[in-house]
Amino acid sequence: MTVGEHRTNLNNTDDYLLNIEKLAERITGCDYKYHIITYGCQMNVYDSEKLAGMLENMGYFQTEDKNEADIILFNTCCVRDHAEQRVYGNIGMLKKQKIKNPNLLIGVCGCMMQQKGVAEGIVKKFPFVDLVFGTHNLHEFPKLLLEALDTAHAIVEVSEHGDQKENITPIKRSSRISSWVTIMYGCDNFCSYCIVPYVRGREQSRNQAEILLEIENLAKEGFREVFLLGQNVNSYKGQDDYLFHDLLEDINKVEGIERIRFISSHPKDLSPKLIEAFESCDKLCEHIHLPIQSGSDLVLEKMNRKYTREDYLKLIHRIRNLSKPIAVTTDIIAGFPGETERDFEDTLSLLEEVRFDAAFTFMYSPRKGTPAAELADQTEHYVKKKRLDLLNKTQAEISKNINQKYKDMVLEVMVEGVSKNNADMFSGRTRTNKLVNFKAENLLPGYMADVRITTAKAWTLEGVLV
Ligand code: SAM
Ligand code: SF4
């Protein structure tokens, strides 16, 4: 069992491929199945696509039913306590299944494992878990799986650092038209409430040539949209002073790619050049996710966000002055330590002032090891809940109101597939990232449909094909 040790010899492409081959020799023809449960953000969803790709390369088949799985993986998130508690609860529930099927392999990975003591705690609390590995060990999964299959005790591998190996992983992309592309890893911002820099490490940007090659290959495979991922894509730094807006301009030239999206943007790094990219890059979709977190300067300072409400409003002003409308969404935390009624009212008034298309709202969750968790004046749970409810109610009204303007308009919708909630309908997204459900027959994913909007709700639009 090695925890915290960085075993560089495993970062070797030959070892990686060799281990996949070894597993393939054992697995192929056995009809073994895997099931992955993913918690948290897009980075985790993407990591799960990589794990699924490796498993399928070895010969495993995906199953939606965990009861028939031979491998169950939990890809965890530790941004808020709620997600962590769900992980513990769901691992505990597998005890009976493991007793019934001792050959079932249970693995736990992702951000939670990077927290001090969590990996050891999991194997102690759940002795039926076979494999635990961290975010920096993702590409070591084939080797670790081989070890776990051949060992009676749990295999635990959690490195504190790691060189990310993007290009050696076969990826099972869940969409055939839209693809995640990681452009940078980690975060250097240390917002006082946030665990991400501790579990995902320092910022590392990928080389621009490597990213562009990956996107050109995706275009050749038929992908029409790329979703660029990073905790703060605005601070992307390629080689030779190459910045994020340079990358957008080069991706804009890739033949076959029709839509470019990115997430997430830190307001302190949103440069005028990046805002101008919405004008110069015709493929860049008209949507920006720009987390504000709070409308109070006092709270923003305690959060270590490094901008003021005024700075943020100036950015919104610049965005709204562009020649085309850009949808703006945000993240907000309710009940940060010491947040007064006055501070909270500042956040409510900011919602009214900016009128976001949507806001992702969270109750503040103290994270062990972050400065905010040590603050004495923690907000009581019922206050956080009350504020969260009020934020959601206010935002729902605003979103519904904003969406009304789309009624009777014809919008370009990129078809994703049959609607999840209504098999008679197709669904897809506008360039402004609005989800649209509409009646149509036999449309293929990736088709650009012109849809007339008939009903506008707070979170979705409905329409008919024209
Ligand atoms: N890097 C992104 C950024 O700064 O925009 C955000 C990444 S974080 C995983 C997503 C959101 O989770 C944050 O914007 C914040 O609103 C929320 N979040 C992070 N830590 C939190 C905490 N301790 N309690 C509640 N919400 C939190
Ligand atoms: Fe967390 Fe702040 Fe980094 Fe976003 S920018 S990941 S909120 S530390």
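Whatever comes next refers back to the structure up there.
Below, the structure is looked at part by part. In this text the structure is predicted, and so the values were computed from the model without any measurement.

1. Let's talk about the pattern of salt bridges
Side-chain pairing between opposite charges can occur once the charged atoms of the two side chains come close.
Right, on to step 1. Throughout the structure, instances matching the rule amount to 28 salt bridges.
Right, on to step 2. Note that R173 is salt-bridged to E214, the shortest N-O span being 3.6 Å. Pair noted here: R173 is in the loop between β7 (155-158) and β8 (178-182) and E214 is in helix α8 (residues 208-221), with a separation of 41 residues, a long-range link.
Right, on to step 3. For the salt bridge of R206 with E214, the shortest nitrogen-to-oxygen distance reads 2.9 Å.
Right, on to step 4. Taking the relative accessible area as the measure of exposure, R206 reaches 6% and is therefore buried.
Right, on to step 5. For E214, a relative accessible area of 15% puts it in the buried group.
Right, on to step 6. Each of R173, R206, E210 and E214 takes part in one network of salt bridges that share partners.

2. Details of the packing of α8 against helix α9 (residues 244-251)
Right, on to step 1. As a packed pair, α8 and α9 sit with axes 11 Å apart at the nearest point and diverge in direction by 30°. As summarised for this structure, α8 and α9 are arranged roughly parallel, according to the angle between their axes. In this structure, α8 meets α9 at a crossing whose hand is right-handed. On α9, the residues touching Q208, I211, L212 and I215 of α8 are L247, D250 and I251.
Right, on to step 2. Residues that form the contact of α8 with α9 fall into these classes: five nonpolar, one polar and one charged.

3. What to know about a negative patch on the surface
Right, on to step 1. A cluster of acidic residues, D297, E301, E310 and D311, forms a negative patch at the surface.
Right, on to step 2. At the level of secondary structure, the elements contributing two or more residues to the negative patch comprise α11 (297-302) and α12 (309-320).
Right, on to step 3. Structurally, the position occupied by E301 is in helix α11.
Right, on to step 4. Of the residues examined, E301 reaches a relative accessible area of 64% and is grouped as exposed.

Calculation criteria
Residues numbered from 1 in each chain as written. Chains lettered and ligands numbered in written order. Predicted model: local features only at pLDDT ≥ 70, side-chain atom pairs only at ≥ 80, totals over all residues. Heavy atoms only, no water. Salt bridge = Lys/Arg side-chain N within 4 Å of Asp/Glu carboxyl O. Helix = DSSP H or I, 4+ residues; strand = E, 2+ residues; numbered from the N terminus. Buried < 20%, exposed > 50% of the residue type's maximum accessible area, 1.4 Å probe, protein only. Axes fitted to C-alpha atoms, helices over the stretch in contact; angles between N-to-C directions. Parallel < 35°, antiparallel > 145°, perpendicular 65-115°, else oblique. Left-handed = near helix turned anticlockwise from the far one by under 90°. Contact = heavy atoms within 4.5 Å. Nonpolar A, V, L, I, M, F, W, Y, C, P; charged D, E, K, R; others polar. Patch = residues over 30% accessible without salt bridge, like charges linked within 9 Å, V, L, I, M, F, W, Y side chains within 5 Å. Areas by Shrake-Rupley, 256 points an atom, 1.4 Å probe, with all protein chains shown as cover. Lys, Arg positive; Asp, Glu negative; His and termini not counted. Charge placed at Lys NZ, Arg CZ, Asp CG, Glu CD.

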